[in-house]
Amino acid sequence: MAVLNKIRQRSIFLIAIIALALFAFVLSDLFQNGSAFGSSQDTIATINGNEIKREEFMNRVENMQRQLGPGASTTQTMNRVWDQEVRRVVMEEQIEGLGLTVEKDQMRNLLRNNFSDFPEFTNEVGMFDENKLNEFIANLKAIAPERAPLGNFQINYFEWVNNEASIAIGAQEQTYFNMIKAGVGATLAEAKVEYEAESANVDVKFVNVPYTSISDSLIKVSKSEISDYISKHKKRFEVEASRDINFVQFTESASLEDENAVKANVAAMLDTRVEYNEVSKLNDTIVGLKATKDIEGFINANSDVKYTNTYVTKSSLPDVAQDSIFKLSVGQYYGPYKDNGMYKITKVVEEKFMPDSVKSRHLLIPFVGSRASDETTTQTESQAKATADSLMNVIKGNRSKFADLLDFSIDKVSNEKEGVLDWYTYNSMVPEFRDYTFENNKGDIGVVKTDFGFHVVEILDQKAKTRMIKVATLAQRIEPSENTIDDVFNRTSKFEIALQNKDFQDVAKENDAQVKPVNNIKELDENIPGLGAQRSIVRWAFEKGTKVGDCKRFSIPGVGYAVVQVSSINKKGLMTPEAASATVIPEIRKEKKAKMIREKISASTVEAVAQSQNVSVSTASAVNMKNPTLSGAGLEPKVVGTAFGLKEGQTSKLIDGNKGVFMVEVTKKTEAPKLDNYTAIVNRLNMMKINAAPSQAYEALKVAAVIDDNRATFY
């Protein structure tokens, strides 16, 4: 009690201390994120001084995500919007600087070009109607922010305005790039150089002392040499900030015990059984697969794969049980058997002898609401059925009139072949059409309704009939049990706890776990090889408080867990010698080997070098500068370039090539035949340059842009 009284007496003091602590925590967070007195929390990025605001950017990402659908991840969508924003800002600066605008009349023409095929903006004769466009825009504005249908999607006024702006920007960009294209072209001198590079050629004999003639083990490369190489080639080794990680994966996969339990459960569903019902307090009789009269209902209620009411050929059955199932009689079953991550029992429900393939012809009569209907369709379902019946009666009376009735059919593809659908197999058509043509006989004529409309069908021919069966497959996925999932969780936890006092690699070895390294992860990366899309891991690895050696457990949905360690923090700038060693060491080795080979050679002719180095003399004919390849040696531009600088009969000095040290002798030199006119080559080069100009110009502008990218803070 005395303690409680003291606490009560000092409660104001305690509250003040707690309040100060919370305030200090908030302040530290604000300063840590650099946003106490700034706007970084509201700015996604700054491009050439233009701020991209968070809310606006996120709205664009949300709209783009709706367009792309569930197939695109948030990061993929965000990157797409980012590319659009960078382009918008960079190009707007150029367009505004030149004073390029889109006037009202031009905008109307642009809208006409973009929307002329939309039925919402066409009149009775199919022509674009500007009044309808104006009415549509006015209606969008009136019902904002509600959406209205346009083509196959919905749009609101805000989105329409953005769409108009995008069309206008596209037109301005087109004008901008047309101006650049107008200033791009090839000269006569360039055409001559191009022609000579393609047409002039040399025949050579050469000797190559390959770098592989010296073992790598004889060449020592020091860390300081790697550093010097990086310093001399800085552009090649400039990198963004990155992280290297190690991870161990704990997978929630079914154990052998789990598999056996699933197998036993599937097998138990074969026979009728009695179970006690906890709700009714009575025994219930559960009819099994053997005895059930409602095969479709039974499968759909108990199987992870729903019932398919269709006939199948032997080749359509699972490979692991194909022979065993197909030889069954109606009513017999096979299983349990393991297939595609499931245990299954398959029962033969029906059998029938049907054609291997069918040839037929048809007339397709659509009705309003059918899949084949279009803006010209006016008949209701009952009217279309009456039309189809009438056409069928005409054809039955005189089959030669079938071709005369093609104008009634909307299927333009088959109409080109007089309505004929050439040989097709069982599952090539929609079910109703398939069933009619495969289950009836050659010469039969009938009307079949499908989602596309009413078909007047004539079976022209059928190939040899074979046995087909209808099967019911009871399937249950092999999944980890609760005990297995709990065991994986416990093993992951023990691994994580052990890391507090031990090395990551040591703990993995003790647990017989495979450590998987992943290097060079960038701040905005999403996918991690072996784990898939794991943005949360990347964000953690780049957090300010995350240090080399830090470890964390992550849940991998549908898989299990990954315990991740940051193994290296690589700052923006030049690569470290360790990171660059895989690229640099082979280059330094090649330089050292070239020096060693040169020191061994004193001969000055191709034959003498070949004899002294125990290699053979090779020849190459009609070698040109456009494709500087030597037969048997590969791409060697330095060697070929040297050869073109020699006169016929001259021999080069030693040349450090891509694959070895070369000496080359020109045996024949063929000049390019003189041309009277280089216009064709100039035109070809012009076209190449003009086509490449827009992308090259934009890339140059993007590289020159000053970008402060904060996306990783928000995504």
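Residues numbered from 1 in each chain as written. Predicted model: local features only at pLDDT ≥ 70, side-chain atom pairs only at ≥ 80, totals over all residues. Heavy atoms only, no water.

**A look at the nonpolar core**
One recurring pattern in soluble globular proteins: nonpolar side chains tend to sit buried together.
Then comes step 1: The biggest cluster of nonpolar side chains holds 26 residues, and the ones touching the most others in it are Ile44, Ile47, Phe57, Val90, Met91 and Tyr715.
Then comes step 2: The set of elements that each furnish at least two residues to this core consists of strand E1 (43-47), helix H3 (54-68), helix H4 (74-98), helix H7 (157-182), helix H22 (679-704) and helix H23 (711-714).
Then comes step 3: Considering every element that reaches this core, the biggest residue donor is H4, with eight residues.
Then comes step 4: The residues contacting Tyr715, other than those within four sequence positions of it, are Ile44, Phe57, Met58, Val61, Thr74, Met78, Arg535 and Arg539.
Then comes step 5: Membership of the second largest hydrophobic core comes to 25 residues, among which are Ala200, Val202, Val623 and Phe662. (Core = buried A, V, L, I, M, F, W, Y, C linked by side-chain atoms within 4.5 Å. Buried < 20%, exposed > 50% of the residue type's maximum accessible area, 1.4 Å probe, protein only. Helix = DSSP H or I, 4+ residues; strand = E, 2+ residues; numbered from the N terminus. Contact = heavy atoms within 4.5 Å.)

**Considering the sheet that holds strand E22 (residues 560-570)**
Then comes step 1: The four strands are arranged E18-E7-E22-E21 in an open sheet whose pairing can be described as antiparallel. Looking at strand neighbours, the two that pair on one side only are strand E18 (516-522) and strand E21 (551-556), the edges of this open sheet. In this sheet, neighbouring strand axes are inclined to one another by 35° on average, regardless of whether the strands run parallel or antiparallel.
Then comes step 2: Here five bridges tie strand E7 (residues 242-251) to E18, and the two strands are oriented antiparallel to one another. (Pairing = 2+ DSSP bridges. Axes fitted to C-alpha atoms, helices over the stretch in contact; angles between N-to-C directions.)

**Focus on the environment of Ile167**
Then comes step 1: In this fold, Ile167 is placed in helix H7.
Then comes step 2: For Ile167, a relative accessible area of 12% translates into the label buried.
Then comes step 3: Excluding its chain neighbours within four sequence positions, the residues that come into contact with Ile167 are Met107, Leu110, Leu111, Asn114 and Phe115.

**Section: the packing of aromatic side chains**
Then comes step 1: Under the criterion given, the structure shown has 21 aromatic pairs.
Then comes step 2: Consider the rings of Phe495 and Phe504, whose centres lie 5.7 Å apart with planes at 85°: the pair is edge-to-face.
Then comes step 3: The class for Phe495 is buried, based on a relative accessible area of 0%.
Then comes step 4: What links up through ring pairs into an aromatic cluster is the set Phe115, Phe118, Phe121, Phe136 and Trp160.
Then comes step 5: Taking the ring centre of Tyr698 as reference, the NZ or CZ of Arg87 above it sits at 4.5 Å.
Then comes step 6: Over the ring of Phe542 we find Arg243; its NZ or CZ atom is 4.2 Å from the centre of that ring. (Phe/Tyr/Trp six-rings, centres within 6.5 Å; stacked < 30°, edge-to-face > 60°. Lys NZ or Arg CZ within 6 Å of the ring centre and 35° of its normal.)

**Remarks on the packing of helix H5 (residues 104-115) against H7**
Then comes step 1: Relative orientation of the contacting elements H5 and H7 amounts to 105°, with a least axis distance of 10 Å. By the angle class used here, H5 and H7 are roughly perpendicular. On the side of H5, the interface is formed by Gln106, Met107, Leu110, Leu111, Asn114 and Phe115, while H7 contributes Trp160, Asn163, Glu164, Ile167, Ala168 and Ala171.
Then comes step 2: Of the residues belonging to the contact of H5 with H7, the class tally is eight nonpolar, three polar and one charged. (Parallel < 35°, antiparallel > 145°, perpendicular 65-115°, else oblique. Nonpolar A, V, L, I, M, F, W, Y, C, P; charged D, E, K, R; others polar.)

**A few points about the sheet that holds strand E2 (residues 50-53)**
Then comes step 1: If you trace the three strands from one edge of the open sheet to the other, you get E2-E1-E29, paired in antiparallel fashion. The strands lining the two open edges of the sheet, one partner per strand, are E2 and strand E29 (707-709). Adjacent strand axes in the sheet meet at a mean angle of 20°, parallel and antiparallel pairs treated alike.
Then comes step 2: Examined bridge by bridge, E1 and E2 share four bridges and lie antiparallel to one another. What sits directly across from Thr43, in E2, is Lys53.
Then comes step 3: With respect to the sheet, H3 is in contact with E1 and E2, its orientation differing from that of E2 by roughly 55°.
Then comes step 4: Sheet contacts for H4: E1, E2 and E29; angle to E1, the most-contacted strand, approximately 35°.

**Some points on the environment of Glu159**
Then comes step 1: Considering the arrangement of structural elements, one finds Glu159 in helix H7.
Then comes step 2: Along the sequence, Glu159 and Asp422 sit 263 residues apart, while their C-alpha atoms lie 46 Å from each other.
Then comes step 3: Among all residues touching Glu159, those that are not within four sequence positions of it are Asn63, Arg66, Arg147 and Gln154.
Then comes step 4: Side chain to side chain, Glu159 and Arg147 meet in a polar contact 2.4 Å long. (Polar contact = N/O pair within 3.5 Å; in protein donor to acceptor, adjacent residues only side chain to side chain.)

**A short note on the pattern of salt bridges**
Then comes step 1: A complete count under the given rule lists 44 salt bridges for this structure.
Then comes step 2: The residue Glu85 makes a salt bridge to Arg60 at a minimum N-O spacing of 3.5 Å. Taken together, the residues span a long stretch of sequence, with Glu85 in helix H4 and Arg60 in helix H3 at a distance of 25 residues.
Then comes step 3: With a relative accessible area of 3%, Glu85 lands in the buried category.
Then comes step 4: On the accessibility criterion, Arg60 (30% relative accessible area) is partly exposed.
Then comes step 5: The closest approach of N and O atoms between Glu278 and Lys281, which form a salt bridge, is 3.8 Å.
Then comes step 6: One network of salt bridges, with partners in common, ties together Glu56, Arg60, Glu85, Arg88 and Glu92. (Salt bridge = Lys/Arg side-chain N within 4 Å of Asp/Glu carboxyl O.)

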